[in-house]
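Analysis of the macromolecular model
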Amino acid sequence: MDAATLSSSTTLEPLFAIMAQALNTLESTFHKLPGSAVIQRYVRSSHQNDPGRTLLELLLVIFAIRTLLQSRTRADRKGSHFIKFEEKEINELVEEWVPEPLAQPLTPNEQADLGVLPIISGPNGPRPKLLATGKTALNLASLNFAGLAGNEHIKQLAIETLRKYGLGSCGPPGFYGTLDVHMDLERDIADFLGTEASILYSQGFSTVSSVIPAFCKRGDIIVADRSVNFAIQKGIQISRSAIRYYDHNDLNSLEEVLQQVEKERKKRRGPLTRRFIITEGIFARDGTMSDLPKLIELKYKYKYRLILDESYSFGAVGRTGRGLTEIYNVPASKVDMILGSCAIGLAAGGGFCAGSQIVVDHQRINGPSFVFSAAMPGLLAVSASEGINIIRSTPSIFETLQENVRAARSILDKVDFITIPSHPASPMIHISVKHTPLVQPASAGLLSPASAALISPTKHAKDQMRQEYEAEERLLQEIAEECLSQNVIVTRAKTLKGQEHNEPKPSIKLALTAALTKKETEKAVGVVKAACVKVLGRRR
Amino acid sequence: MAVSKPTTPSMFKKKSGTSLSAMASAASYLSALSQADARARGALNGSPTSTPALSISSSVTSSSQDTVLHEEEDYSDGLALPARPPTSEQVFKTVHTEFGHCASEEFRLTSQHTPGEPVPGHVDADPPYYILFSTYISYLILIVLGHIRDFLGKRFRSASYAHLMPKGGYAPLNSDFDSFYTRRLKTRMDECFSQPVTGVAGRTILLLDRVSPDYNHTQLFTGSPNPRLEHLGQGGCADAVEESIKRYGVSTLGSRLEGGSSDLHTVSEALVAKFVGMEDALISSMGFATNSTYIPALVGKGCLVISDELNHASIRFGVRISGASVQMFKHNDMESLENLLRESISQGQPKTHRPWKKILLIVEGLYSMEGTLVNLPKVIELKKKYKFYLFVDEAHSVGAMGPQGRGVANYFGIDPRSIDILMGTFTKSFGAAGGYIAGSKTIIDHLRVHGHSGPYAEAMTPPVLTQVVASMASIMGVKAPLPAPSSSGLRLSSPAPLALEYEYVHPGPAPHSSLPSWLSLPRELSDGSEGSTRLRRLAFNSRYLHNGLIKLGFITYGHPASPIVPLLLFNPGKMNMFHTMMKDRQTPIVVVVVAYPATPLVTSRVRFCVSAAHTKDDIDTVLRACDEIGDVLDLKHGIPRSERWPIEQITERAVELARMMK
């Protein structure tokens, strides 16, 4: 046995020699490396103190390497949910798979609505001609608050601009799409509202859904009105910020939410994040108006930034159409971002965001629809600039408009079967069906979303609610068609059913304009009133 | 490709006539730059001036204000007047600065795919390692310097960093981390971006000069424009637009479903549908919004969107809003796509393994940053096998590709109806704005009602619609009405019972009745001859520039037929230099340089957008400029030296070169 050990040790001797030599070479190479002494000393000392620690550190290094390698492979492939199939099985599965059609055909109701959509022949304005009948009608559907549509002077300027600049801007603002007239309009808007600067977007609707993700990122907090318009909802969705809603146009509810957020923040002691209040000036869905001074007070108290969408109030309310800041006499600089639409307010095209220089500059690189879309046509920018010029120098426009609004409200407020949620000064008036006590309980959910959330509705109740909702829409559509047959264009407020965060109450949307005289407005609204009485009265 | 003429007497005027050797070293160039800068600063108080430039970037060209002031100034730059004067037989109706005069029929090509020829995929051309290495080092230096400056700046000059630091209980509006790239990297080359322009963007563009006194933090304008694919600027289209402004005004006041619909919308949509060869089409007032508001109406929860990794931001925006799951495949790599399809269909939805409700493949016809063409024949083949729906974004290809200009399907000779949805924009080829989406009647009607734009977004304005109709008609050509009594009164919306009505066959000329009755186009537009000339010129220009750059030894991306030609620069510092050197030539050339985040970090590039308005001489000028600058900046890392052609040979054998396949 001794011999065996001896012989094996002799046979292994050369091997040991080689190993020892290799070890030596390795050691000397290691010592030649710069900084090797430090590592050696570190390992030695730590090992002496606690061999367990060295082991732990070694494990950590291995773990780190493993993690690094792992992140390069696709997660789902390695995931526990991945099922391995044979090629043949995949072919069978592909064969079997039947996709749904890309788009469902329209329902008969939708088809009918699309069919009776009033199409205007020739220029749109206060008294356009209908394509279907060839008759001239009074227009309470198109957004032309200040009556700038069809202004000959604007047309002339637009033609001159066309001759000088051509039509399209042919590039995004960053790449030679910025024309001097765009910069002029930006200055005009900032000057008109009294902000440091402003930035133009080429579509009003896309403005807010681009501004929000430019500032609000993951981890930020947005407190928004429950009934904000669709574009804001989409902007919030894409921003991935934490979102809290407060009850529609209820600033007490807002304050409660703000307090609660503050409390939660203190509890968590997280880092300071950006916080935003997002709401509208005049709400697109019902014409109610925000209490701006109170909003500003709350914003300062709780240290939030305010994003105010004035799409329906810019160029519509205030002595010279500056919007909410003018009505409440609040300096525009107190609102961090004022958004408006040149398409709605100035009868041109595009939208804008006005604010401080920092706010505007940030969007020039971070606003998705600013960076990735072509700038708006030069002639629309010039038209908008001229629009500002006109409303700024002609305050009588808004006096006429307010007179028309008062005249319309005095007629409509007396009608029995309808409710009007809109603010008395709003030139956009929403009319919805008043719920008779009989219908009230079933549709309670529609009226107050808060209570709807409390009662978890059964499927049956939900169905019933939907039916009620559709019935109401049918009635309103009937009213709109009745008006159309009397040559007054009105429209139901069209919404995307099932896609809104909080389903708006069906309504008819009247857009008054300064371009119609008081008499014409009274006549047109009279027709609406008669149609409401006729259709809704019959229901009773 | 803006040809801008420097306002101040050009410091290069004397030199550039001879050759680039005068400033063959970057150092001498830089010193010249600083001199020019000093001069421009001195002129700050003076009256505003502007620079015109040959525009190869987006869509405009310029004639400078001083060309207007000093008519007698020399036209040696070839911008204001053609180098070869036209003969008496050739009558040009366009302004040379907007649409270059080019009489030679030689310089024309048809944009068409040769059947059987393989569609080139996307090839990542690798530069030498030292270029890659220096690129990474450049970024590293920039990043390290940036962080050091941030660190020190916040401590010692906090006033200038106030907007990056929490103040009075407010978190900073943009965190310093998020804005780091913008502040520390982009600011260094801000002069390449957002330069404002004036006038018509055509062959040339008029730039508004600007000067920055504080290292690009602010840009001042001292007074001061670039065209894209096929800008149909003035002339017949503008007359039509003017008429429409007189008739319709400027706005349509409201959304399509709420009192903003006019007869002009109906007519335009029907014409767009004919143009692209689909049953129906829908127009949206903004290109970005076409994707971002209609995709969510097509897919939703439980659906899968398969998207090319280099799809445009608007598509990503739309898909993210829709709530559908997204998978990406490698850019234009059909193998990767097929593998992904097999995996997605067999695995079904994540976790639940239920089958996907539907799978929508979204690809672009022509990729805006790479110039690659989608491999449509293969995609259609896959579509038949895997039953997904196909959405092709033709933002850059419609009106530019194909023998009739109808887009990629036309280029490949594929029936457009084998594609489910064609989307495109009017910005690039039609000189207008906004976008369209086309498909079967069922789909489009669904989008009218369920797309976000229908009820909420403003409708497209009449002047823009008219530009679309007029420019489309000029590309299509108009079939004169058959000798029927007063067919002019017909509108497309009312189905005409007249048997004499000309039946539209895709891709043929537009029936006369599909245009608004008041629209009268000049003869050269309505017979489609000018449109077809433009398309053929564009096809020639694209191939010539592309193949020329390759023969010069540059690394380019993309399909040779693509009007977008990216030339790779790699090092970030070269972007600035390239841009400035092009702009400061005797015949200034405006180009677009693009870098991260629009491209991968390493592959910064300059993007040439060729227009039909450019003449062969213009492309020569550009090639010459690139040749010279390419030597100075060490950009020629493409084909080996032995295969390269000298610039003279390229310009002489241009026709042969353009007809060469890659």
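Residues numbered from 1 in each chain as written. Chains lettered and ligands numbered in written order. Predicted model: local features only at pLDDT ≥ 70, side-chain atom pairs only at ≥ 80, totals over all residues. Heavy atoms only, no water.

If you look chain B up in an unreviewed UniProt entry, it shows as serine C-palmitoyltransferase from Coprinellus micaceus. What UniProt records for chain B under Cofactor (unreviewed entry) is the sentence "pyridoxal 5'-phosphate". (UniProt positions renumbered as here; feature names shortened; annotations may be inferred.)

As named in an unreviewed UniProt entry, chain A is serine C-palmitoyltransferase, taken from Coprinellus micaceus. Under the Sequence similarities (unreviewed entry) heading, UniProt states for chain A: "Belongs to the class-II pyridoxal-phosphate-dependent aminotransferase family."

Moving on to the pattern of salt bridges. Scanning the entire structure with this criterion turns up 46 salt bridges over all chains. The partner of Lys497 of chain A in a salt bridge is Glu473 of chain A, with the nearest N and O atoms 3.1 Å apart. Taken together, the residues span a long stretch of sequence, with Lys497 of chain A in the loop between β14 (491–492) and β15 (508–511) and Glu473 of chain A in helix α22 (residues 459–485) at a distance of 24 residues. Measuring nitrogen to oxygen at the nearest pair gives 3.0 Å for the salt bridge that ties Glu370 of chain B to Arg605 of chain B. (Salt bridge = Lys/Arg side-chain N within 4 Å of Asp/Glu carboxyl O. Helix = DSSP H or I, 4+ residues; strand = E, 2+ residues; numbered from the N terminus.)

Moving on, we get to the packing of helix α10 (residues 334–347) of chain B against helix α11 (residues 376–386) of chain B. The geometry of a pair of packed helices is captured by two quantities: the angle between their axes and the separation between those axes. Residue and element names in this part refer to chain B. It is the contact of α10 with α11, at a shortest axis distance of 11 Å, that shows an interaxial angle of 15°. The angle between α10 and α11 falls in the class roughly parallel. Remark: the crossing between α10 and α11 carries right-handed chirality. Judged by residue contacts, Met334, Leu337, Glu338, Leu341, Arg342 and Ile345 of α10 engage Lys378, Val379, Leu382, Lys385 and Tyr386 from α11. The residue inventory of the contact of α10 with α11, partitioned by class, reads 7 nonpolar, no polar and 4 charged. (Axes fitted to C-alpha atoms, helices over the stretch in contact; angles between N-to-C directions. Parallel < 35°, antiparallel > 145°, perpendicular 65-115°, else oblique. Left-handed = near helix turned anticlockwise from the far one by under 90°. Contact = heavy atoms within 4.5 Å. Nonpolar A, V, L, I, M, F, W, Y, C, P; charged D, E, K, R; others polar.)

What follows covers the interface of chain B and chain A. For interface size, the figure often reported is the accessible area lost on association. Taken together, the contacts link 122 residues of chain B with 113 residues of chain A. The largest contributions to the chain B side of the interface with chain A come from Leu173, Leu253 and Tyr456 of chain B, which together make up 9% of the buried area. Counting every contact that joins chain B to chain A gives 4 salt bridges. Residue Arg163 of chain A pairs with Glu242 of chain B through a salt bridge whose shortest N-O separation is 2.9 Å. Seen at the junction of chain B and chain A, the total is 41 residue pairs in polar contact (both at pLDDT 80 or more). For the side of chain B that touches chain A, the element with the highest residue contribution is helix α6 (residues 236–248) of chain B, accounting for 8 residues. When the residues that make up the side of chain B that touches chain A are grouped by side-chain class, the tally is 52 nonpolar, 46 polar and 24 charged. (Buried area = accessible area lost by both parts, 1.4 Å probe. Polar contact = N/O pair within 3.5 Å; in protein donor to acceptor, adjacent residues only side chain to side chain.)

This brings us to the side chain of Ser373 of chain A. Tracing the backbone shows Ser373 of chain A in the loop between α17 (368–371) and α18 (378–393). You can call Ser373 of chain A buried: its relative accessible area is 5%. Non-local contacts of Ser373 of chain A, meaning those with residues more than four positions away in its chain, are made with Pro172, Pro173 and Ser202 of chain A together with Met286, Gly287 and Phe288 of chain B. (Buried < 20%, exposed > 50% of the residue type's maximum accessible area, 1.4 Å probe, protein only.)

For the rest of this paragraph, the subject is the sheet that holds strand β8 (residues 325–329) of chain B. All names here are of chain B. Spatially, β6-β12-β11-β10-β9-β7-β8 is the arrangement adopted by the 7 strands of the open sheet, whose pairing is mixed. Because the sheet does not close on itself, it has two edges, and the strands there are β6 (280–284) and β8. Strand-to-strand twist in this sheet, taken as the mean axis angle between neighbours without regard to direction, amounts to 20°. Inspection of the sheet shows strand β7 (residues 304–308) paired to β8 by 5 bridges, in the parallel sense. (Pairing = 2+ DSSP bridges.)

A few words now on the UniProt feature "transmembrane region" (unreviewed entry) in chain B. When the UniProt feature table is mapped to this numbering, "transmembrane region" (unreviewed entry) covers residues 129–148 of chain B. Within residues 129–148 of chain B, the helical portion is 100% and the strand portion 0%, while the C-alpha atoms at the span's ends are 28 Å from each other.

Here chain A shows a mean pLDDT of 87. Residues at 70 or above account for 92%. Note on residues 438–455 of chain A: pLDDT under 50 across the span, and 16 contacts to partners over four residues away in sequence or across chains. (pLDDT = per-residue confidence, 0-100.)

All names here are of chain B. Along the polypeptide, Val565 turns up in strand β15 (residues 564–570). Under the relative-accessibility criterion, Val565 is labelled buried at 0%. As a C-alpha pair, Val565 and Met369 span 196 residues in sequence and 8.5 Å in three-dimensional space. If sequence neighbours within four positions are ignored, Val565 has contacts with Ser542, Leu545, His546, Leu549, Val606, Arg607, Phe608 and Val610.

What follows deals with helix α16 (residues 357–366) of chain A. Residues and elements named next belong to chain A. Within α16 the residues assigned to the buried category are Val359, Val360, His362 and Gln363. On an axial view of α16, the arc spanned by its buried residues comes to 160°, and they lie on one face. Tucked into the core, α16 has its buried residues touching β4 (197–201), α10 (204–215), β9 (337–341), β10 (351–355) and α17. (Arc of directions from axis to C-beta.)

This next bit is on the sheet that holds β4 of chain A. As a general point, the strands of a sheet are linked pairwise by backbone hydrogen bonds and lie either parallel or antiparallel. Residue and element names in this part refer to chain A. A sheet is described by the order of its strands in space; here 7 strands give the open sequence β4-β10-β9-β8-β7-β5-β6, paired in mixed fashion. Because the sheet does not close on itself, it has two edges, and the strands there are β4 and β6 (242–246). Averaged over neighbouring strand pairs, the angle between their axes works out to 20° when direction is ignored. Here 4 bridges tie strand β5 (residues 221–225) to strand β7 (residues 275–280), and the two strands are oriented parallel to one another. Counterpart to Ile222 in the pairing with β7 is Phe276. Across the sheet, α10 touches β4, β5, β7, β8 (305–309), β9 and β10, and the angle it forms with β9 is around 160°. Docked against the sheet, helix α11 (residues 230–239) engages β5, β6, β7 and β8, running at close to 160° with respect to β7.

Attention shifts here to the environment of Val371 of chain A. All names here are of chain A. One can find Val371 in helix α17. Separated by 196 residues in the primary sequence, Val371 and Phe175 have C-alpha atoms spaced 9.3 Å apart. When residues no more than four places from it in sequence are discounted, the contact partners of Val371 are Pro172, Gln363, Arg364, Ile365 and Asn366.

It is worth spelling out the environment of Cys353 of chain A at this point. All names here are of chain A. Mapped onto the elements of the fold, Cys353 is located in strand β10. Judged by its relative accessible area of 0%, Cys353 is buried. On a C-alpha basis, the gap between Cys353 and Ile338 in space is 5.6 Å, while along the polypeptide they are 15 residues apart. Non-local contacts of Cys353, meaning those with residues more than four positions away in its chain, are made with Ala197, Ser198, Ile199, Tyr201, Val211, Met337, Ile338, Leu339, Val360 and Gln363.

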